[in-house]
Amino acid sequence: MESRRSRAKVDLAGILRKSWYRLRLSVRHPSRVPTWDAIVLTAASPEQAELYEWQLKRAKRLGRIASSTVTLVVPDPDGNRIGSGGATLNAIHALARHLEALGPQVDNVDTGNSESLVAHERSDSEVSFSPMLSFMAKRHILLLHAGGDSKRVPWANPMGKVFLPLPYLAADDPDGPVPLLFDHILAISCCARQAFKKEGGIFIMTGDVLPCFDASTMVLPEDTSCIITVPITLDVASNHGVIVASKTGIQNKTCYVSLVENLLQKPTMEVLVKNQAILDDGRTLLDTGIIAVRGQAWGELVRLACSSKPMIADLVKSKKEMSLYEDLVAAWVLAKHEWLRLRPLGEELINRLGKQKMYSYCAYDLLFLHFGTSCEVLDHLSGADSGLVGRRHLCSVPATTVSDIAASAIVISSKIAPGVSIGDDSIVYDSCISGGIQIGSQSIVVGVNVPGVNNGLRFILPDRHCLWEVPLVGCTGRVIVYCGLHDNPKDSVPRSGTFCGKPWDKVLHDLGIQESDLWSTTGTHEKCLWNAKIFPILSYFEMLSLAEWLMGLSDPKTKSLHPLWKSSQRVSLEELHRSIDFPLMCIGSSNHQADLASGIAKACINYGLLGRNLSQLCEEILQKDDSGVKICTDLLDLCSNLQGQDSKILPKSRAYQVQVDLLQACREEKMACELEHKVWAAVADETASAVRYGFREHVLESSNSTSASAYESSAFYCCVDQSFQHHDVRIELPVRVDFVGGWSDTPPWSLERAGCVLNMSIKLDGCAPVGTSITTTEQTGIEINDDDTMNKVYIEDPTSIAAPFNSDDSFRLVKSALLVTGVTHDKLILSMGLQIHTWTGVPRGTGLGTSSILAAAVVKGLLKITNRDDSNENVARLVLVLEQLMGTGGGWQDQIGGLYPGIKFTESFPGIPLKLQVISLMASPRLISDLQQRLLVVFTGQVRPARRVLEKVVTRYLRRDSLLISSIKRLAELARMGREALMNCDLDELGEIMLEAWRLHQELDPYCSNTFVDRLFELADPFCCGYKLVGAGGGGFALLLAKDGDSAQKLKNLLQKDPRLEEYGTEFEVKIYNWTLF
């Protein structure tokens, strides 16, 4: 095999963001993005399984796991270690038993609730082979091996190494919980799910590795097993498993798929050369620990697992282990069969699985992040990708004048008191640190809660040390535990074992401790830190004093500390591992997170401008035992004065939304629903005020009055004092297609932040499809005709038109236009009437801005017929208010797109009045020609009103949802980049921008697409450099930007005859429109 992996730096941020985007999409819209049918974790003991169950419930609550996904934790039988291979069979068997027990529910794989489950022993020896085997063979399972004891990362032992904090991308969601290694693994694995397609299978990962690669592009061979590999240097490979792959296979720019010929474990150079395992570039293939089994091979593995209870019992009885990566996988590799026959149960593995083969999927750009040691954890948080790390997240940190916290230190989910010092590249997690504590550089502090008593306490944690606390079963307090960053608890005393960075012989000599004080003289186990009974169980401050003494910071001659330590009850890391009070630890962590969230929320209300996501903070507060609702009620009481604040500083819409969120947290749904009306009324008021001071109030007051004279004095509606002349006005406008920037034009975003949109006005099939005609009549009153539906209404008294309008009023658009233009109360309407016709050549709700452009046409026609300011700028502003008056919301880009010709780059700037700057781009003949050749405007046949989408997006913005805010910021930035790409005639770059914009639109609302649109884009992808739905999405029109003119013609031909689109029914008929620039 020729290794072609790019030596360029892997885009870790890009990979993780794409993976998280797909994870969120799969949870929010699993019918579009399939998710795992079941997620199974292995655990070392039933007690550890209870902790993992709590973590899985957390993941479902936070939207990391879909509600339809079954979650299960499977401990090793009675805590007996059976190896990763035995644990794999045991987990599959346990899942089959569990799904069988669900009975009728098993058809949907949904337990009907969001509870995680722990597998327990049952009396039956194995599950029914029919129909459960057939059912299991069709399921998609994620299996995560997390049952180790974390000896090399001892501070993560209580929580489980897979659940250690990994604050990559934490800044993207500052009010959300700290991301865990498990969360990132879920994101990567979510992308891998699509590689299985409809063929059942299992995806096996390890809990101490984050394999960063774009798993959505993974190609898995059918009906076989496949191990994921990556080229790695020989020095690294010598400490891991190595795969020897065939020199022939299927290769592209990102991967290489070939048959596995051999497996090597921690090979020497001689072994690598002998087995021809070295690649052409001097590297070799690293076994990442990720295994995918599909189709027939998965069916055989299920059959073996469902009859594996005797095998598991044999392993337990013989106290032997079956390795997944040496034994079970070897059954699929012919060259390993001879070796495997000598292993426990090896003959049976060959007989049951040996007919299948294993392939290697080599991902050239996979970044292998191993969290096997404490040092590796810090390296991944402080290395080249440290810019990804959220260094202050959900924490309470004092001012720099009363503390000394290094800028590179990571403080997450912690409360730090004044007088604390934290050194460079240290991490403090899930802790409360009182004054007088000094934490050195490159140190780790987890779950430590130092009582805040003013007794002159001083405690120093030296550089490169770890400190954590553990609640034990039957112990009223928590035990303080510590070690050096580089200590390996498995290294024995004769083999250079250390404690707090010092050799054991020096520790014993300096402290006057005997080996018999730490280790039993009758035991057969090697003497090492893992089994050293060194940690005393005393009062908290006595343990702190002894910690400094044992770390060598106190005077070794201090007479009182040695006898205090020697007379105390002491435990080892091994004993701690077996005695952790997991329920108490979970409760303590939940309460700690809730207290932090409530403190942040209270400060936000009392001192800030409500810039935090209180809805998200309340979710954490409500996890507090019994008192979460009471805390939220107290926060609600603090909001009583919010409406009195200056609306220029704190918009009323935001203040109302905060109260709605707190009412919902307090379980006051009825009151929250009633207050929501004020939220939307406030948005409308703020929009109207941004157009002109007091405009909306003027409209509403006048619309509820029959006095025409009230309008005569209006400065805004000063009319020309002359009679109507009998004449006609006809307005015809194009539709618009938006390349990028949509949503940044929508209030309240555009009232508070800059907006940028890049769009284009086009004719469809040679005509401008949206229009109105307005004629003055001798008969008073107003007649409105909808030419599309052939409906009409006659309003004898125009002054009777009043907002708000019913949502089913089909004439509310024209009525709103009459209000915002002031025509209904103009004195001239008393002597003459109006006949108004409207039409649209395309359905509304198709994403072309039809409704807003029609509103612009009607407003422009009314202003023109009454001799008022019908400039495009004035019309655009009035339509913005009109949509708020209608209750549909909406921004300015649609009317801008219809009113101004050609390709436009438009920016809005907050202020009173709202400023719009429309820049018509000078499109060269070459650009126009290229666009017309390569850009396909396709109607998907589906219609979807944008109002409900808009409501959800606006609500998220008012809540200060950070993911939404960052997405819209990026859309505005992409609009600027798109402008430059167009002016450079770089349509390929524009295509890339369109693809990213489409991803961001789905981040804002996963329902902006559907399975048919996904299928359409999948079909078009080989021919296109970019595609997206126009407008809010959900159906309507799509833009397909082909790679070149030939690709555009091929795609057009394909769409017009491809039978694969017919499976969605004739109601989804695709139509390709001929378009021209307007």
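Numbering of residues starts from 1 in each chain and follows the order in which that chain's sequence is written. Selection of residues for local features in this predicted model requires a pLDDT of at least 70, selection of side-chain atom pairs for listing and counting requires 80 or more, and totals for whole chains, interfaces and linings are taken over all residues. Water and hydrogen atoms play no part in the side-chain values, which are based on all heavy atoms of the structure.

K.L.:
Please provide a residue-by-residue account of the packing of helix H2 (residues 46-61) against helix H19 (residues 582-606), values included.
P.N.:
Put simply, H2 and H19 touch, their axes get as near as 9 Å, and they point 25 degrees apart. It follows that H2 is roughly parallel to H19 by the angle criterion. In terms of crossing hand, the pair formed by H2 and H19 is right-handed. Contacts from Glu 47, Gln 48, Leu 51 and Trp 54 in H2 reach Phe 582, Met 585, Cys 586, Ser 589 and Ser 590 in H19. Every axis corresponds to a line fitted to the C-alpha atoms, with the helix fit spanning only the stretch in contact, and the corresponding angles, defined between N-to-C directions, vary from 0 to 180 degrees. Helix and strand definitions follow DSSP, with helices as H or I runs of at least four residues and strands as E runs of at least two, each counted in order from the N terminus. Geometric relationships in this document are graded by angle, where less than 35 degrees denotes roughly parallel, more than 145 denotes roughly antiparallel, 65 to 115 denotes roughly perpendicular, and other angles denote oblique. In this scheme the handedness of a crossing depends on how the near helix is turned from the far one: anticlockwise by less than a right angle means left-handed, clockwise means right-handed. Contacts are assigned to residue pairs with any non-hydrogen atoms lying within 4.5 Å of each other.

K.L.:
Give me the nonpolar core: which residues, what numbers.
P.N.:
By size, the foremost hydrophobic cluster in this structure holds 149 residues, and its most contacted members are Trp 155, Tyr 168, Phe 182, Phe 203, Leu 210, Phe 499 and Phe 535. Setting aside residues no more than four positions away along its own chain, Leu 210 makes contact with Leu 166, Tyr 168, Leu 181, His 184, Ile 185, Ile 188, Leu 367, Phe 368, Leu 369 and Phe 371. Buried residues of nine kinds, namely Ala, Val, Leu, Ile, Met, Phe, Trp, Tyr and Cys, make up a nonpolar core once their side-chain atoms join them within 4.5 Å. For every residue, the accessible area obtained with a 1.4 Å probe (protein chains only) is divided by the maximum for its type, and the residue is called buried under 20%, exposed over 50%, and partly exposed between those limits. Membership of the second largest hydrophobic core comes to 112 residues, among which are Phe 905, Leu 914, Leu 1000 and Cys 1025.

K.L.:
I'd like a rundown of empty space enclosed by the protein, residues and numbers included.
P.N.:
Any residue with an atom within 4 Å of a point lines the site, the site being either a cavity, points on a 1 Å grid over the protein atoms alone where a 1.4 Å probe fits but cannot get out, or a pocket, an open set with protein on both sides within 12 Å along at least 5 of 7 lines. Grid points are joined across faces, edges and corners, and a volume is the space filled by probe spheres set on the points. Under the criterion given, the structure shown has eight cavities of 30 Å³ or more. By volume, the largest cavity amounts to about 80 Å³. Lining the largest cavity are 13 residues; nearest its centre among them are Ile 437, Val 448, Val 450, Phe 459 and Leu 467. Secondary structure elements with two or more residues in the lining of the largest cavity: strand S20 (437-439), strand S22 (459-461), strand S23 (465-471) and helix H16 (540-550).

K.L.:
Summarise the sheet that holds S20; cite the residues concerned and give the values.
P.N.:
Ordered in space as S14-S17-S20-S22, the four strands form an open sheet in which the pairing is parallel. Each edge of the open sheet carries a strand with a single partner, namely strand S14 (404-405) and S22. In short, DSSP must find at least two bridges between two strands for them to pair. By the bridge criterion, two bridges tie strand S17 (residues 421-422) to S20 in an arrangement that is parallel. Looking across to S20, one finds that Ile 422 is bridged to Ile 439.

K.L.:
So what's going on with the environment of Lys 138? Residues and values would help.
P.N.:
Relative to the assigned elements, Lys 138 resides in the loop between helix H4 (132-137) and strand S4 (140-145). Distance from Lys 138 to His 393, taken between C-alpha atoms, is 41 Å for residues 255 residues apart in sequence. Look past the residues within four positions of Lys 138 in its chain and what remains in contact with it is Asp 37 and Gly 200.

K.L.:
Report on the pattern of salt bridges, specifying residues and quantitative values.
P.N.:
As a working rule, side chains carrying opposite charge can pair if their charged atoms are close by. We count a salt bridge whenever a side-chain nitrogen from Lys or Arg sits within 4 Å of a carboxyl oxygen from Asp or Glu. Counted under the stated rule, the structure contains 41 salt bridges. Its salt-bridge partner being Lys 506, residue Asp 510 comes within 3.2 Å of it at the nearest N-O pair. With a gap of four residues between them, Asp 510 and Lys 506 both fall in helix H14 (residues 504-511), about one helical turn apart. With a relative accessible area of 28%, Asp 510 lands in the partly exposed category.

K.L.:
Let's hear about the sheet that holds strand S41 (residues 1071-1073): which residues, and what values?
P.N.:
For sheets, the rule is that strands pair by backbone hydrogen bonds, running either parallel or antiparallel. Reading across the sheet, the four strands line up as S39-S40-S38-S41 and stay open at both edges, with antiparallel pairing between neighbours. Of all the strands in the sheet, the pair left with one neighbour each is strand S39 (1024-1029) and S41. Taking each pair of neighbouring strands and ignoring which way they run, the sheet shows an average axis angle of 25 degrees. The strands that helix H35 (residues 1011-1020) touches are S39 and strand S40 (1037-1042); relative to S39, the one it contacts most, it runs at about 165 degrees.

K.L.:
Please provide a residue-by-residue account of the environment of Val 428, values included.
P.N.:
Positionally, Val 428 belongs in strand S18 (residues 427-429). For Val 428, a relative accessible area of 0% gives the class buried. C-alpha separation for the pair Val 428 and Leu 1040, spaced 612 residues apart in sequence, amounts to 49 Å. Filtering out sequence-adjacent residues up to four positions away, Val 428 remains in contact with Ile 410, Val 411, Ile 412, Ser 414, Ile 416, Ile 422, Ile 433, Ile 439 and Val 445.

K.L.:
Break down the packing of aromatic side chains for me, citing the residues and quoting the values.
P.N.:
Working definition: rings of Phe, Tyr and Trp (its six-membered ring) pair if their centres are within 6.5 Å, and the pair is stacked with planes under 30 degrees apart, edge-to-face with planes over 60 apart, and tilted otherwise. Tallied over the entire structure, the rule returns 17 aromatic pairs. Seen from their ring centres, Phe 499 and Phe 535 are 6.4 Å apart, and the 70 degrees between their planes marks the pair as edge-to-face. Of the two residues, Phe 499 is situated in strand S25 (residues 498-499) and Phe 535 in strand S27 (residues 535-537); the sequence distance between them amounts to 36 residues. Looking at Phe 499, the relative accessible area reads 1%, which means it is buried. Overall, the relative accessible area of 0% leaves Phe 535 in the buried class. Taking 5.9 Å as the distance between ring centres and 80 degrees as the angle between the ring planes, the aromatic pair formed by Tyr 540 and Phe 541 counts as edge-to-face. For Phe 541, a relative accessible area of 27% translates into the label partly exposed. A network of ring pairs unites the aromatic residues Tyr 482, Phe 499, Trp 504, Trp 519 and Phe 535 as a single cluster. We call a charge positioned over a ring when the NZ of a Lys or the CZ of an Arg lies within 6 Å of the ring centre and within 35 degrees of the ring normal. For Arg 753, the ring lying beneath its charged end belongs to Trp 749, and the centroid distance is 5.0 Å.

Just distances and angles here, no functional claims.
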